[in-house]
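# Observations on the three-dimensional arrangement
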Amino acid sequence: MHIINRALLVKLAWKLCSDKTSIMFIYLQAKYFPDGEIFDPEKKYNSTWSWNSINSELQFVQKFSCSYTGNGESIYIWKHMWISEIRGPPQPKIVCLINHNYTFVKQLINDDNATWNINLLKELFDPPIVELILHIFIHQNCDDKLVWLLEKNECFYVKSCYRKMYEEIHIPQSVGPRLQKIYTKLWKVPILPRILQFIWKAISGLLPTRMALGQAVVGDNDLRALCDQHSESATHLIMECSFFRLISEQEVVKRSIISWCIWTVRCEKVFQQSNPNPERTIQKCRLLIEEHASRKSYMPKTMQGVNRRNLYWIPPPLNYVTINCDGSFLDHNKYGGIGLIIRNYAGEQQGARCIHLKNIRSAEKAECIRLWEAVKWVKDLQLENVQFDLDAKVVVEAVNKDNNYVDWILLNYIKNIKSFFSSYSSWKCYYIPKERNKVVDILSKLSRKEELSMSWTESTPVVIRSQLLLDSTHVTDDQMQ
């Protein structure tokens, strides 16, 4: 209850930090933080109880939030956390003497083209920090805002706040290798689900026996097991109890089913005051074993894969061109590659490009950047009737709809892409299976592995010639019309 109360206080603190136009913020700012720095309020002896409660959780908000760069006008360079990979504000170079001349992030941005001032960044920060800043996408038409780092979609939820608080108080204990092997084998056992769940609870010590519940249950503290001879524990009930030995002597081989039946008998005795009957329990075990043998639906089934062997590239409509986009990403070195190719309705190449990427945070970012690079390339070529095909469903839905599942770090990319699509009504973005994107898949992997960035206009890259020929042979006359 204490944790949920704290989480609700964090919710109030979050609303205060994220909405600076609210009446609550204006009122509290006038009294406690007139300079607008809510995370560094003035200490006053006459502070109200409600403010002290909210103020106690402001540090938690600051710890798990980050300033999202829009135009950079309200983000302090040396006070705010605005680089998500760094816990806290960035620090200037040790030998830097001009850092006091710069206060807001906006001063680090070139106003004419909305890009980072690289020379200035190199003077103020160390190279690793500069590299992180250059990966922050700028959108000057948007205001700065605070985002919640514990959620992918930037929005605050009490649920994620509660989980983080619980983790900080109760450090999760890792399961040992021996128990991990048991769990791995357990979930593969072809047995009735209710019995499988019972065995898992027994192994994990989660059965609500008298010994497990302790003094938390109001009632008879001297409750015995089925045999009325020993205190009730999961080990005694399933393995040592004389009632169990009576049943196992009847040659019932499914010990897990026996254990579950014994547990149900125990519950009937505790809650319904019924007398345990070994013969009736044996009969129940036999019926369940027969049910287990007859119900093949509970046996693990091999998933039947979808046949995608005969999927090929589909040409665009007449007078349109298609630009296929794909990205390749490796997590261990953060390297990525982008492959792009433009083809007309006859399958003829109009241009190809591959771009090598470094310090890519996730595969989703590589997918988003590939569409952004495709959009910029098409705009430079001044193409109007264009169909963008890519196999990243999340990115496609983010462009065509208001998809909240995209990472908040990529929102500026999505906003800029959508602004281009709103300017060109004949631009369309479609999701396609990866089997229809094989050409650019080859190009993206080439770019990542060889660290290659290159463009082709008239010639065709050698590595994709055979796949291009294969795709073009499957273009029918009906598709070209």
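This part covers the overall build of the protein chain. Per the secondary structure count, the protein chain includes 20 helices and 10 strands. When burial is assessed residue by residue, the protein chain has 42% of its 481 residues classed as buried. Taking the contacts inside the protein chain whose residues are at least 6 apart along the sequence as the reference set, 65% of them involve residues at least 24 apart. Counting every atom, the protein chain has about 27,700 Å² of accessible surface; 52% of that belongs to carbon and sulfur.

Turning our eyes to something else, we now look at the environment of Lys365. Secondary-structure assignment places Lys365 in helix H15 (residues 363-381). Note on Lys365: relative accessible area 5%, which makes it buried. Remark: the alpha-carbon pair of Lys365 and Ile409, spanning 44 residues in sequence, is separated by 8.5 Å. Those residues in contact with Lys365, other than ones at most four positions away along the chain, are His135, Ile360, Leu410 and Tyr413.

This part is about helix H1 (residues 2-18). Between its terminal C-alpha atoms H1 stretches 24 Å, which fits the 24 Å expected from 17 residues at 1.5 Å a residue. The set of residues buried in H1 consists of Ile3, Arg6, Ala7, Val10, Ala13, Trp14, Leu16 and Cys17. Contacts made by the buried residues of H1 are with helix H2 (23-32), helix H3 (49-55), helix H4 (58-63), strand S1 (65-68), strand S4 (145-148) and helix H7 (158-169).

This paragraph deals with helix H19 (residues 465-473). Along H19, the residues that are buried comprise Gln467, Leu468 and Asp471. In a view along the axis of H19, the buried residues occupy a sector of 100°, so they form one face of it. Residues of H19 that are exposed and point over 90 degrees away from its buried face: Ser466, Leu469 and Thr473. Of the surrounding elements, those touching the buried residues of H19 are strand S6 (335-344), strand S7 (349-357) and helix H18 (438-450).

Rules behind the numbers
- Residues numbered from 1 in each chain as written.
- Predicted model: local features only at pLDDT ≥ 70, side-chain atom pairs only at ≥ 80, totals over all residues.
- Heavy atoms only, no water.
- Helix = DSSP H or I, 4+ residues; strand = E, 2+ residues; numbered from the N terminus.
- Buried < 20%, exposed > 50% of the residue type's maximum accessible area, 1.4 Å probe, protein only.
- Contact = heavy atoms within 4.5 Å.
- Areas by Shrake-Rupley, 256 points an atom, 1.4 Å probe, with all protein chains shown as cover.
- Expected span 1.5 Å × (residues − 1).
- Arc of directions from axis to C-beta.

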